[in-house]
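# A structural walkthrough
The primary structure of each chain is shown beneath.
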Amino acid sequence: MKIAVTPFSVSSIERLAKEGSDIFILGNDKYANRLVYSFSTMEITDAKNIISTLGKELYINLNIMVHNSDLIDVEKFLNFIKELGVDGIIFGDLGIYMIAKRLEIETKLIYNPETLNTNYYDTHFWNKKGIKGLTISKEITLEDINEICLKKKTEISIIGHGHLNMFHSRRPLIENFFKYTKEEYEKFINNRNLRIVEEIRNEAYPIFQDLHGTHIFREKALESYQEIRLLRDCVDVFIIDGIFKDTNYLIETVGNYKALLHMKESNDKAKIFSKLYERDHDSGFLYKKTVYDKY
Amino acid sequence: MKKPELLAPAGSLEKLKIAFMYGADAVFIGGRKFSLRARASNFDISQIKEACDFAHNLNKKVYVTTNIIPHNDNIEGLVDYLQELEQAGVDAIICASPIIIDAAKENTNLEIHISTQMSNTNYESVNFWVEEGITRVVLARELNKQELLELRSNTKCHMEVFIHGGMCVSYSGRCTLSNNMTDRDANRGGCAHSCRWNYDLFEGESKLNDNDLHFAMSSKDLQTVKHISDLIDIGVDSLKIEGRMKSIHYIATVVSTYRRLIDNICDDYEVNLPKYLLEIKKAENRLTSHGFMEGMTTIDEQLYNMRNENPTQEFIGLVHDYDEETNIATIEQRNYFLPEEEVEVLSPNFRPLHFKVEDIKDTDGNALDAARHPKQLLKIFIPFKVSKYDMLRKVK
């Protein structure tokens, strides 16, 4: 199993590699949602050189919901990626598959529509399309992840650590609210210090608006310390997403997971890590089956 | 000018019949399996067959939603179910998952429509489905008319567009608010509509909204009377009304309004938009807007600071039959009404006829001072002929 991370800067890549990161996921915010940092094409090129020198892999995140007006620029960006030579391209919109196929780079694609890869057949369907891999949906249990992996026909990745988003609207919901209240709204756009709290729930969900709309996240970040060794046996890529955190956090978590993977017996250590992180982390849906049709 | 299909929701056989009688060309219904809207009164196979037989006798169509995003343990019985749908005479299924799409392609000849749950927002993604042999895509509700026009120019796929009803605030199919907040899976029929709840907004520890004004994301319902002419000009193939859980009065009012509007536009009659806007308002229990039709949503498309469900009390009775000799109608009560109230008749013939209620009697002939009991059969005098499935509503 490879460990993938979302670096906050080109300069942090070497350190993250040293801690044990195998794959670096970069993106530009014109073409990607919910990035920790928007890399310019020049920075991506610099990162590519460093990552290649280190013998590591570069994935590009291209997970916007594509509208017609985006198509020309998306194709230009895919051409740039093709020229650069990357190891993976993460997408969530089928239009990107169509363009990538024309450019003959569909074998680099990793399909991550956030919520739609929920059963083993998804890997069979996409294998026939010739893509590299799939990221399993966020609301899937450990048991289901295992079953999908047993029957997989493509590379399988999961977001195993970090804040999971749970909502993406095209609507500018923050801006509209402040326009309704006739207050200045500009300072609240791209502001990642905002939270919403529902009137009868004591949970604070991170929310922000950017040029692609409004995004809402779970209150607690996911951690999989006690599951990492089980996941190692079935998942190909374990993604650590650093959104709302920083480089030090990424370095620490990569180091923790690597330590657990290298130990002969890691249960006690894994429990210690879970305990250390429990204030603002939980196990997400790994053990929580959502209700189907009965309530 | 090509006349688009008018596609209506039907949560029951009664609603299906009402939708067809009031002018729908096709309806979409949910089966007992693999369908979203768990609380809608979904159809079993014998009811689906009855629905298809009824529709086909009228030269109309029935589509069945099989649009859950299934997990591994939801797949059992899929092929048998799809084959049962085919045998029942279903005209198409509406899908959102490759396993259901491929199972249908490999084991049946069912026509497949791609659900809006897949949020197809551009012509490249629509053409992905064309390459898969799909003939129709239900487009994302986030598209404006310019985007629809570009789509029309760049795909041969049949385009189905929502014109009326509730709207997801999120891109459809990409939301797990309900999963996270209530454990109910939005993509498997359990959406709790958490996006319609009230929130407080904080920056750090500072609350940004006043105590009497919550941060709300809720959307007004979609209503596109003013845009139907443009959608027809663009060449949209199917105009879809949302709401399998809505009442028969809602379905009758909305379907008949759009039916006449579409016919008037396509038959080149003068279109009296205020009349249609007034008529469709009688079905509304939530505020409405044009959604994304004119571009990015503004505050006019959002709902702020209100509990927005206001059930309409206008619908007072459904006609069961009419005795032309005595002018006495048998009606099923749907809302409280009194003698002397002014009432209008909503019928598939769209006659704007009014009358004043005189005596109200029960079926044993006992005079009543008011119609109080839902579903009670009542006898009232109506001075002109009405027919089964006509609806009575108060004139405000």
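## Description of the overall build of chain B
Across its full length, chain B carries 10 helices and 21 strands. Against the compact-globule benchmark of 21 Å for 396 residues, chain B has a radius of gyration of 22 Å, which places it among compact chains. In terms of principal-axis extent, the alpha carbons of chain B reach across some 60 × 60 × 45 Å. In chain B, buried positions account for 63% of the 396 residues. At a minimum sequence separation of 6, the contacts of chain B that also span at least 24 residues come to 66%. Only carbon and sulfur atoms are counted for the fraction: they give 46% of the accessible area of chain B, which is about 15,200 Å². For chain B, the distance from the average position of its 46 positive side-chain charges to the average position of its 60 negative side-chain charges is 2 Å.

## Describing the pattern of salt bridges
Applying the stated criterion across every chain, the model contains 48 salt bridges over all chains. A salt bridge links E278 of chain A to K275 of chain A; its shortest N-O distance comes to 3.1 Å. Linking R334 of chain B and E332 of chain B is a salt bridge whose minimum nitrogen-to-oxygen distance equals 2.8 Å. Overall, the relative accessible area of 9% leaves E332 of chain B in the buried class. Among the ionic contacts, a cluster of salt bridges with common partners joins K3, D25, R259, D263 and D267 of chain B.

## Some points on the domain arrangement of chain A
Residues and elements named next belong to chain A. Partitioning chain A into structural domains gives domain 1 (2-164 + 221-282) and domain 2 (169-210). Each of domain 1 and domain 2 has a C-alpha centre, and these two points are 27 Å apart. On the side of domain 2, 5 residues touch domain 1, which itself brings 7 residues to the contact. For the pairing of domain 1 and domain 2, the buried interface totals around 520 Å² over both sides, and the portion due to carbon and sulfur atoms is 59%. Among the residues domain 1 hides against domain 2, the three largest losses belong to R34, H67 and F244. Together they make up 70% of the total. For the pair domain 1 and domain 2, the interface holds 0 salt bridges. Across the contact surface, domain 1 and domain 2 share 2 residue pairs in polar contact (both at pLDDT 80 or more). For the side of domain 1 that touches domain 2, the residue count by class is 4 nonpolar, 2 polar and 1 charged.

## Observations concerning the state of the cysteines
When the sulfur atoms of two cysteines share a covalent bond, that bond is a disulfide. All names here are of chain B. The final tally for this structure, using the stated rule, is 0 disulfides over all chains. Of all cysteine sulfurs, the one in C157 lies closest to C95, which takes part in no disulfide; the gap is 13 Å. For C95, a relative accessible area of 0% corresponds to the buried category. No disulfide involves C168; its sulfur sits 6.4 Å from that of C191, the nearest cysteine. Overall, C168 belongs to the partly exposed group, its relative accessible area being 31%.

## Concerning the interface of chain A and chain B
If you look at the interface, chain A gives 71 residues, while chain B gives 85 residues. Remark: the boundary between chain A and chain B carries 6 salt bridges. Its salt-bridge partner being E124 of chain B, residue R102 of chain A comes within 2.8 Å of it at the nearest N-O pair. Inspection of the chain A/chain B interface yields 39 residue pairs in polar contact (both at pLDDT 80 or more). Counting only elements with at least two residues in the side of chain A that touches chain B, the list comes to α4 (94-102), α5 (121-128), α6 (142-150), β8 (165-169), α7 (173-180), β9 (194-198) and β10 (204-210) of chain A.

Rules and cut-offs
Residues numbered from 1 in each chain as written. Chains lettered and ligands numbered in written order. Predicted model: local features only at pLDDT ≥ 70, side-chain atom pairs only at ≥ 80, totals over all residues. Heavy atoms only, no water. Helix = DSSP H or I, 4+ residues; strand = E, 2+ residues; numbered from the N terminus. Rg over C-alpha atoms; globule rule 2.2 N^0.38 Å. Buried < 20%, exposed > 50% of the residue type's maximum accessible area, 1.4 Å probe, protein only. Contact = heavy atoms within 4.5 Å. Areas by Shrake-Rupley, 256 points an atom, 1.4 Å probe, with all protein chains shown as cover. Lys, Arg positive; Asp, Glu negative; His and termini not counted. Charge placed at Lys NZ, Arg CZ, Asp CG, Glu CD. Salt bridge = Lys/Arg side-chain N within 4 Å of Asp/Glu carboxyl O. Domains from an automatic or database assignment. Buried area = accessible area lost by both parts, 1.4 Å probe. Polar contact = N/O pair within 3.5 Å; in protein donor to acceptor, adjacent residues only side chain to side chain. Nonpolar A, V, L, I, M, F, W, Y, C, P; charged D, E, K, R; others polar. Disulfide = S-S within 2.5 Å.

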